[in-house]
Amino acid sequence: MAKKQKYYVVWRGNVPGVYDTWSECEKQIKGVAGARYKSYESRTLAEQAYRIGPELAESVTERQTKGETILDVDDEGMTVVKADTTLPKPELNAIAVDAACSGNPGVMEYQGVYVASRTQLFHYKAEVGTNNIGEFLAIVHGLAYIKKNNIQCILYSDSVNAINWVKAKQCRTKLAMTPETEKLYSVIRRAEAWLHNNNYTTEIRKWNTEIWGEIPADFGRK
């Protein structure tokens, strides 16, 4: 009988990823202190385990040995743990925001995406900024967008710092005020003024990256 193929996940190694053979996997982990890897019986399961990370994947190892399919992809394409594990799933009627920055500081941009359809709702780019500023502005932009359009939904961000800054109604950046950042600072001041002058009922939630994968508004540049 032919030996059943296994697929190997390398979370921590020379080049993390999913590999079709042990020899390929071994090259990535050999000599790497604290290497994290595991084999799975299908590529689909291996890819899903790679996406959710070693901690969550290891937590469901016992169920896998019983022959159960423990990971799944929902109708919107997000990797999730099946509902009977009691782990929560993200709200689909929600707006997710995220920022990206090429350098720190560097070219910064953020966007807002409707979770259910992955439709981009808004986008902003600045020639000089930081990721934290982008995350802060993205949340405020999302709150203003929701209020202006009279939408009832959740707002997701994966930045704890930015969520706290919004709650404090202040962008606590240490980015220097220069001629290059003057335009961005005017946007920051408008955002802070909006927070001070507007009430909102929108619930801001932390996106659970460990369980759900990257936030839908992610720019995919990691």
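Here, every reference points to the structure presented above.
What counts, and where the lines are drawn
- Residues numbered from 1 in each chain as written.
- Predicted model: local features only at pLDDT ≥ 70, side-chain atom pairs only at ≥ 80, totals over all residues.
- Heavy atoms only, no water.
- Pairing = 2+ DSSP bridges.
- Helix = DSSP H or I, 4+ residues; strand = E, 2+ residues; numbered from the N terminus.
- Axes fitted to C-alpha atoms, helices over the stretch in contact; angles between N-to-C directions.
- Contact = heavy atoms within 4.5 Å.
- Buried < 20%, exposed > 50% of the residue type's maximum accessible area, 1.4 Å probe, protein only.
- Salt bridge = Lys/Arg side-chain N within 4 Å of Asp/Glu carboxyl O.
- Core = buried A, V, L, I, M, F, W, Y, C linked by side-chain atoms within 4.5 Å.
- Phe/Tyr/Trp six-rings, centres within 6.5 Å; stacked < 30°, edge-to-face > 60°.

Asks: Describe the sheet that holds strand β2 (residues 17-19), naming the residues involved and giving the relevant values.
Replies: If you trace the three strands from one edge of the open sheet to the other, you get β2-β1-β3, paired in antiparallel fashion. Since the sheet does not close on itself, it has two edges, and those belong to β2 and β3 (36-40), each with one partner. Geometrically, the sheet is characterised by an average inter-axis angle of 20° between neighbouring strands, direction not taken into account. The pairing of strand β1 (residues 7-12) with β2 spans three bridges and is antiparallel. Within β2, the residue paired with Val 9 across the bridge is Val 18. Here helix α1 (residues 22-29) sits on the sheet in contact with β1, β2 and β3, set at roughly 10° to β1. Each of β1, β2 and β3 touches helix α2 (residues 43-52); the most contacted strand, β1, lies at about 10° to it.

Asks: Quick rundown of the pairing of strand β9 (residues 154-157)? Include the residues and the values.
Replies: Taking every second residue as pointing to the same face, both faces of β9 are buried, with Ile 154 and Tyr 156 on one and Leu 155 and Ser 157 on the other. Here three bridges tie β9 to strand β10 (residues 204-206), and the two strands are oriented parallel to one another. Paired with Leu 155 across the bridge in β10 is Ile 204.

Asks: Lay out the environment of Ala 126 with the relevant residues and their values.
Replies: Position of Ala 126 among the secondary structure elements: in strand β8 (residues 119-129). Taking the C-alpha atoms as reference, Ala 126 lies 6.1 Å from Glu 109; in sequence the two are 17 residues apart. When residues no more than four places from it in sequence are discounted, the contact partners of Ala 126 are Gly 106, Val 107, Met 108 and Leu 184.

Asks: Residues and numbers for the pattern of salt bridges, please.
Replies: Tallied over the full model, the rule gives five salt bridges. Across the pair Arg 205 and Glu 91 runs a salt bridge, and its minimum N-O distance is 3.8 Å. Of the two residues, Arg 205 sits in strand β10 while Glu 91 sits in the loop between β5 (79-81) and β6 (94-103), which places them 114 residues apart along the sequence.

Asks: Describe the nonpolar core, and please don't skip the residues or the numbers.
Replies: One finds Phe 136, Leu 137, Ile 139 and Leu 184 to be the most contacted residues of the largest nonpolar core, which totals 32 residues. Looking at this core, the elements that each hand over two or more residues are β6, β7 (106-114), β8, α5 (131-148), α6 (160-168) and α7 (182-197). The element best represented in this core is α5, accounting for eight residues. Discounting chain neighbours no more than four positions away, the residues touching Leu 184 are Met 108, Tyr 124, Ala 126, Val 128, Gly 129, Ile 133, Leu 137 and Leu 175. Counting residues in each nonpolar core, the second largest holds 11 residues, with Ala 96, Ile 154, Ile 211 and Trp 212 among its members.

Asks: Break down the side chain of Gln 111 for me, citing the residues and quoting the values.
Replies: Here Gln 111 shows up in strand β7. Beyond its immediate stretch of four places on either side in the chain, Gln 111 contacts Ala 96, Val 97, Asp 98, Gln 120, Phe 122, His 123, Ala 217, Asp 218 and Phe 219.

Asks: Go over the packing of aromatic side chains with me, naming the residues and quoting the values.
Replies: Per the stated rule, a full pass over the model turns up 10 aromatic pairs. For the pair Phe 122 and Tyr 145, a centre-to-centre distance of 5.7 Å together with 45° between the ring planes defines the contact as tilted. One end of the pair, Phe 122, is in strand β8; the other, Tyr 145, is in helix α5, and 23 residues separate them in sequence. Residue classification places Tyr 145 among the partly exposed residues on the basis of a relative accessible area of 23%. With a centroid separation of 5.9 Å and an interplanar angle of 75°, the aromatic rings of Tyr 156 and Trp 212 are classed as edge-to-face.

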